[in-house]
Number of protein chains: 2
Amino acid sequence: MATRFDFEMMAYALKLANKGRFTTAPNPNVGCVIVQGNQIVGEGYHFRAGEPHAEVHALRMAGENAQGATAYVTLEPCSHYGRTPPCAKGLIDAKVAKVVCAMQDPNPQVAGKGIQMLREAGIEVEVGVLEPQAYQLNRGFFKRMASGMPFVQLKMAASLDGQTALANGKSQWITSPQARQDVQQFRAQSGAILSTQKTVIDDNASLSVRWNELPKSIQSEYSESDLRQPLRVILDRRGLLTPELKLFHSDGDILQVGCQGQLEAPIDANGQVCLPTLFATLAKQHNLQHIWVEAGATLASSLLKQGLVDELVLYLAPKLMGSDGKGLFSHLGFTQMDQVPQLDIQDVRQVGPDIRIIATIKHA
Amino acid sequence: MATRFDFEMMAYALKLANKGRFTTAPNPNVGCVIVQGNQIVGEGYHFRAGEPHAEVHALRMAGENAQGATAYVTLEPCSHYGRTPPCAKGLIDAKVAKVVCAMQDPNPQVAGKGIQMLREAGIEVEVGVLEPQAYQLNRGFFKRMASGMPFVQLKMAASLDGQTALANGKSQWITSPQARQDVQQFRAQSGAILSTQKTVIDDNASLSVRWNELPKSIQSEYSESDLRQPLRVILDRRGLLTPELKLFHSDGDILQVGCQGQLEAPIDANGQVCLPTLFATLAKQHNLQHIWVEAGATLASSLLKQGLVDELVLYLAPKLMGSDGKGLFSHLGFTQMDQVPQLDIQDVRQVGPDIRIIATIKHA
């Protein structure tokens with residue numbers, strides 16, 4: 001049975017793992033803490049694919065103190081030779097007495113083999129301490145592993161009464177500079193930003209991460225030299241994007257979807273880019289596991305209707321615009337309340353003068 | 001200069017005052033703490049019009065310990081003989097050395113005279129400690145005093161995308177039982193509930209306070225025998241309310257507005273009950289200073305357009321309904337973003353599975 005001390009150590013390992021959230025993709029975030037008696041003798045986290053795993057950092061720091069110690073790892077140690085030797089072997093060689101894992105690795109190449117390797121070497125293994133939190137940390141990684149599809153976050157902004165613009169389309173500055181700055185950290189954590197030619201053209205949006213606009217607390221753990229720009233995936237069936245747009249004059253790769261010479265995508269019955277196929281392609285060919293969507297009501301509604309949204313990140317500005325404005329979603333055509341998408345609120349807070357709501361979509 | 005101790009004592013006096021929030025109307029909520037050295041020797045709050053003021057309770061408890069003590073009062077002590085003798089006199093007679101008031105009383109019958117009376121008796125008086133909080137506690141009382149109009153809270157409920165019903169009108173159970181229970185405490189604090197015949201008939205709403213549905217924490221400080229039912233003010237120009245409705249079979253008085261035999265009200269240019277006139281009448285003739293509105297988009301929009309809403313209490317259910325649903329407000333006809341009503345978020349929290357946002361309307 002896990003003790004309170006075990007939970008505290010795993011919580012700390014999760015906190016370490018979280019430091020890699022801007023940089024490890026397509027690898028998962030993993031943290032490791034090594035404890036001798038009740039003293040932390042080693043700690044580490046995975047920083048970037050190709051660099052050492054969390055356990056390697058922690059074991060290096062612990063040195064001979066690892067002998068007889070307990071290692072807390074947020075994910076089952078790997079058992080296969082990849083770009084680095086298996087971590088299970090590292091823990092065995094260091095002669096740790098016990099390993100506590102938050103969860104088993106769903107990767108079929110590991111899937112319990114790491115735990116088995118440890119147990120066969122006589123190491124006591126406990127699995128399942130803070131498992132929901134560990135799962136949460138790598139939602140994109142696990143979703144892609146399980147389904148071949150990326151984790152999709154949909155960002156939207158509206159007035160308190162759910163309007164994104166006035167009847168005549170005017171919408172400038174619905175949300176505050178603080179809210180727009182808050183968006184930067186979500187972009188920075190995503191592998192790709194999905195948008196449409198309409199949003200890019202209407203807002204002349206660059207859809208890039210601007211390091212100096214990230215919150216100071218993030219700048220202190222994520223230096224400008226480590227900045228990664230998400231791939232910008234723009235739906236542009238008719239090839240309307242033009243070279244003078246800011247999009248083409250800001251950092252980061254661009255993938256135009258649906259038009260000639262770029263990523264071609266099948267068209268669905270509504271004449272739109274087939275989104276499930278696009279997402280599967282992005283996951284498979286572009287190694288993407290986490291997509292951040294910034295677009296208008298049309299794309300948002302298509303994603304919602306097709307069950308492709310995992311989480312909504314909604315900024316509400318303290319304004320009331322009236323129902324002659326433009327709504328967050330298009331007509332969805334529901335006739336019964338039990339057809340309506342249900343969500344679970346994960347977080348609600350004020351961001352400057354605005355409110356930010358994070359809610360996961362319940363899938364039937 | 002007020003010390004940290006002064007602020008702590010005033011905060012405690014405000015907490016005491018707040019205990020009267022269900023019962024003191026049309027009197028204000030007032031709390032009093034008497035401190036000898038650094039020890040509380042007396043405390044009290046006003047409970048109901050006609051019963052002793054906060055200072056009287058606190059002085060009775062302090063007895064001879066009031067001599068040379070400091071009294072913290074959330075509102076300037078009264079100086080006139082009403083249903084009770086003036087509290088300023090009580091404090092002088094008890095020989096307190098100092099009085100700290102959160103704010104001056106805006107009531108023209110008091111307005112600095114209580115403070116003057118104390119000073120003339122040689123008592124040191126300090127004014128303005130936690131004044132904004134003290135103002136907040138009696139917004140209805142102060143607004144009516146200053147303008148002759150009641151403080152108006154507008155309650156609304158919608159999906160996350162601001163829809164109150166599907167296109168076909170279906171809306172049952174948008175918000176949770178917890179949110180509906182939360183509403184009870186706002187009703188209980190109001191002097192009147194304003195609604196329309198349409199809302200009353202569509203929902204067969206009783207619009208009464210049900211003590212056993214109040215949060216347990218409130219039940220413990222507000223007993224069933226003290227329960228007051230707000231006046232239910234129903235706009236019903238065409239006299240459509242019928243006697244079998246729940247409204248007529250639940251506790252509390254009812255005022256039908258606009259139809260024969262009840263409160264007659266002038267009709268405005270749009271053929272609607274003239275709301276500013278109605279509110280002024282309710283304040284003057286019915287002693288009302290705090291109105292809680294539960295109605296649909298039409299009344300909400302009229303109130304908003306006429307600048308009659310002070311605060312919005314908005315419940316958002318974790319659902320997405322699409323813009324073919326019915327919006328929170330009607331068409332408001334704005335063409336520029338600077339015409340849009342702006343609000344200040346006062347409080348955001350989860351209530352069961354829903355979100356509750358409290359926001360005050362900024363008046364130009």
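Just so we're clear, the structure is a prediction, and the values are computed from it rather than from any experiment.

Criteria and thresholds
- Residues numbered from 1 in each chain as written.
- Chains lettered and ligands numbered in written order.
- Predicted model: local features only at pLDDT ≥ 70, side-chain atom pairs only at ≥ 80, totals over all residues.
- Heavy atoms only, no water.
- Helix = DSSP H or I, 4+ residues; strand = E, 2+ residues; numbered from the N terminus.
- Rg over C-alpha atoms; globule rule 2.2 N^0.38 Å.
- Areas by Shrake-Rupley, 256 points an atom, 1.4 Å probe, with all protein chains shown as cover.
- Lys, Arg positive; Asp, Glu negative; His and termini not counted.
- Charge placed at Lys NZ, Arg CZ, Asp CG, Glu CD.
- Pairing = 2+ DSSP bridges.
- Axes fitted to C-alpha atoms, helices over the stretch in contact; angles between N-to-C directions.
- Contact = heavy atoms within 4.5 Å.
- Disulfide = S-S within 2.5 Å.
- Least-squares fit on C-alpha atoms with pLDDT ≥ 70 in both.
- Polar contact = N/O pair within 3.5 Å; in protein donor to acceptor, adjacent residues only side chain to side chain.

## Looking at the overall build of chain A
Part 1 of the argument: Counting its regular elements, chain A contains 11 helices and 15 strands.
Part 2 of the argument: Taking 21 Å as the expected radius of gyration for a compact globule of 364 residues, we find that chain A reaches 23 Å, a close match to that expectation.
Part 3 of the argument: Its C-alpha atoms give chain A principal-axis dimensions of roughly 70 × 45 × 45 Å.
Part 4 of the argument: As presented, chain A carries roughly 15,900 Å² of accessible surface, and 48% of it is formed by carbon and sulfur atoms.
Part 5 of the argument: Seen as two clouds, the 34 positive and the 35 negative side-chain charges of chain A have centres 3 Å apart.

## A word on the sheet that holds strand E12 (residues 311-317) of chain B
Residues and elements named next belong to chain B.
Part 1 of the argument: On the basis of which strands lie adjacent, the open sheet formed by eight strands has the order E10-E9-E8-E11-E6-E12-E15-E14 and mixed pairing. Both outer strands of the open sheet, strand E10 (254-257) and strand E14 (343-351), are each paired with one neighbouring strand and no more. Taken over all neighbouring pairs, the strand axes of this sheet differ in orientation by 20 degrees on average, direction set aside.
Part 2 of the argument: As paired strands, E12 and strand E15 (residues 354-361) are joined by six bridges and run antiparallel to one another. Within the sheet, the bridge partner assigned to Tyr-315 lies in E15 and is Arg-356.
Part 3 of the argument: Contacts from helix H6 (residues 139-147) reach strand E6 (151-159), E12 and E15 within the one sheet, and its direction differs from that of E6 by about 130 degrees.

## Digging into the state of the cysteines
Part 1 of the argument: Inspection of every chain in the model, using the stated rule, returns zero disulfides over all chains.
Part 2 of the argument: Cysteine Cys-87 of chain B shares no disulfide, and the gap to the nearest cysteine sulfur, in Cys-78 of chain B, comes to 3.8 Å.

## Things to note about the relation of the copies chain A and chain B
Put simply, the two copies of the chain differ by a rotation about an axis and a shift along that axis.
Part 1 of the argument: When chain A is fitted onto chain B, the two copies agree to an RMSD of 0.1 Å after a turn of 180 degrees and an axial shift of 0.1 Å. Here the copies are linked by what is in effect a two-fold axis. Closest approach to the rotation axis among the C-alpha atoms of chain A is made by Gly-162 of chain A, whose C-alpha sits 2.3 Å away.

## Overview of the side chain of Ser-176 of chain A
Residues and elements named next belong to chain A.
Part 1 of the argument: With respect to the helices and strands, the residue Ser-176 is situated in the loop between strand E7 (163-165) and helix H7 (177-189).
Part 2 of the argument: Side-chain polar atoms of Ser-176 contact the side chain of Asp-354, separated by 2.6 Å.
Part 3 of the argument: Every residue in contact with Ser-176, bar those within four places of it in the chain, is listed here: Val-351, Pro-353 and Asp-354.

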